[in-house]
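Chains, contacts and geometry: an overview
Here's the letter readout for the chains.
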Amino acid sequence: MKYFILFGPPGAGKGTQASAMVEKYRLCHISTGELLRSEIAAGTELGQQAKALIEAGCLVPDEVVEGMIEAKFDSVKDVDGFLLDGFPRTIAQAEALDAMLKRRSEAVTGVVSIMIPDEMIMERIKHRATIEGRADDAREEVVANRIRTYHEKTEPLIAFYRQTDRYHEVDGVGTIDEVRERIFTLMDAF
Ligand code: AP5
Ligand code: MG
């Protein structure tokens with residue numbers, strides 16, 4: 001099994017690019033953000049706990065998302081690998097992922113990091129707010145908190161994965177097609 005991490009700040013294009021990647025490389029897409037939004041929509045206890053945190057632009061507790069990821073690893077078959085979108089997001093989550101994969105005698109295959117400047121994040125999310133109606137896109141201060149949370153808690157993962165030689169950056173500025181081609185070139189080399 002291959003285990004790819006699709007990394008990047010809010011609005012970088014992770015969800016957008018993931019759909020083409022999973023099709024081309026026969027991967028299962030796991031977006032922790034989407035899984036959490038489904039829990040909220042279904043009104044589960046987990047969803048109720050996560051709702052306020054997500055709508056404030058904060059992270060949900062590490063154990064919650066770690067449990068979701070492991071459940072997917074256990075249940076999904078008939079794929080060549082997994083594409084993790086929005087996970088890991090803290091050093092603790094990255095360590096938990098390593099431990100989870102070690103128990104399976106597996107390891108992270110590669111990290112594809114989509115890079116865009118902060119100003120573009122705001123612009124893209126404002127645009128998406130008019131289309132998708134995500135609760136955490138609606139207010140500028142919440143988006144600003146998501147960006148701050150990314151810099152504080154998630155960006156340190158770049159140094160974490162750089163040490164492993166499996167970290168690769170892609171310029172996320174350009175059309176969706178241009179960014180996709182850059183990602184495919186990188187993926188073909190793994
Ligand atoms: P999550 O759903 O993961 O949100 P996010 O990381 O903030 O990322 P987004 O989904 O906003 O952006 P994206 O990179 O997928 O961009 P997209 O392709 O949509 O997480 C939401 C929340 O859940 C978190 O804040 C946290 O509370 C919680 N959570 C999730 N995972 C967690 C974890 N591991 N631990 C703890 N808490 C967790 O693109 C954005 C827009 O731009 C779209 O409109 C798109 O059409 C457009 N676009 C994309 N590419 C381009 C392009 N090249 N040119 C022009 N427009 C483009
Ligand atoms: Mg997304």
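Refer to the preceding data block for the structure.
Scope of this entry: the structure provided in the associated data block. Keep in mind that this is a model prediction, so the values were computed, not measured.

Cut-offs used in this document
- Residues numbered from 1 in each chain as written.
- Chains lettered and ligands numbered in written order.
- Predicted model: local features only at pLDDT ≥ 70, side-chain atom pairs only at ≥ 80, totals over all residues.
- Heavy atoms only, no water.
- Pairing = 2+ DSSP bridges.
- Helix = DSSP H or I, 4+ residues; strand = E, 2+ residues; numbered from the N terminus.
- Axes fitted to C-alpha atoms, helices over the stretch in contact; angles between N-to-C directions.
- Contact = heavy atoms within 4.5 Å.
- Buried < 20%, exposed > 50% of the residue type's maximum accessible area, 1.4 Å probe, protein only.
- Phe/Tyr/Trp six-rings, centres within 6.5 Å; stacked < 30°, edge-to-face > 60°.
- Lys NZ or Arg CZ within 6 Å of the ring centre and 35° of its normal.
- Expected span 1.5 Å × (residues − 1).
- Arc of directions from axis to C-beta.

Topic: the sheet that holds strand β2 (residues 27-31)
- Read from one edge of the open sheet, 5 strands run β2-β3-β1-β4-β5, paired in parallel fashion. For this open sheet the edge positions go to β2 and β5 (167-171), each flanked by a neighbour on one side alone. Across the sheet, the mean angle from the axis of one strand to that of its neighbour is 20°, orientation sign disregarded.
- Examined bridge by bridge, strand β1 (residues 2-7) and strand β3 (residues 81-85) share 5 bridges and lie parallel to one another. Its bridge partner being in β3, Y3 is matched across the sheet by F82.
- Sheet contacts for helix α4 (residues 62-75): β1, β2 and β3; angle to β3, the most-contacted strand, approximately 160°.

Looking at the pairing of strand β4 (residues 110-115)
- Counting buried residues along β4, 5 of its 6 residues qualify, which places the element largely inside the surrounding structure.
- In terms of strand pairing, β1 meets β4 through 4 bridges, oriented parallel. The partner of F4 across the bridge, within β4, is G110.

A few points about the packing of aromatic side chains
- Under the defined criterion, the tally for this structure stands at 7 aromatic pairs.
- Put simply, the rings of Y3, F73 and F82 pair up and form one aromatic cluster.
- Against the face of F184 rests K24, its NZ or CZ located 4.7 Å from the ring centre.

Some details on helix α9 (residues 176-188)
- Look at α9: 18 Å from first C-alpha to last across 13 residues, which is about the 18 Å you get at 1.5 Å a residue.
- Considered for burial, the residues of α9 that qualify are V179, I183, F184, L186 and M187. Buried residues of α9 fall within an arc of 160° about the axis and therefore sit on the same side.
- On its buried face, α9 sits against β1, α1 (14-25), β2, β4 and β5.

Things to note about helix α3 (residues 45-55)
- Residues of α3 that are buried: G47, A50 and I54. Viewed along the axis of α3, the buried residues span an arc of 75°, placing them on a single side of the element. Among the exposed residues of α3, those pointing more than 90 degrees away from its buried face are E45, Q48, Q49 and A52.
- Where α3 is buried, its residues contact α2 (32-42) and α7 (140-154).

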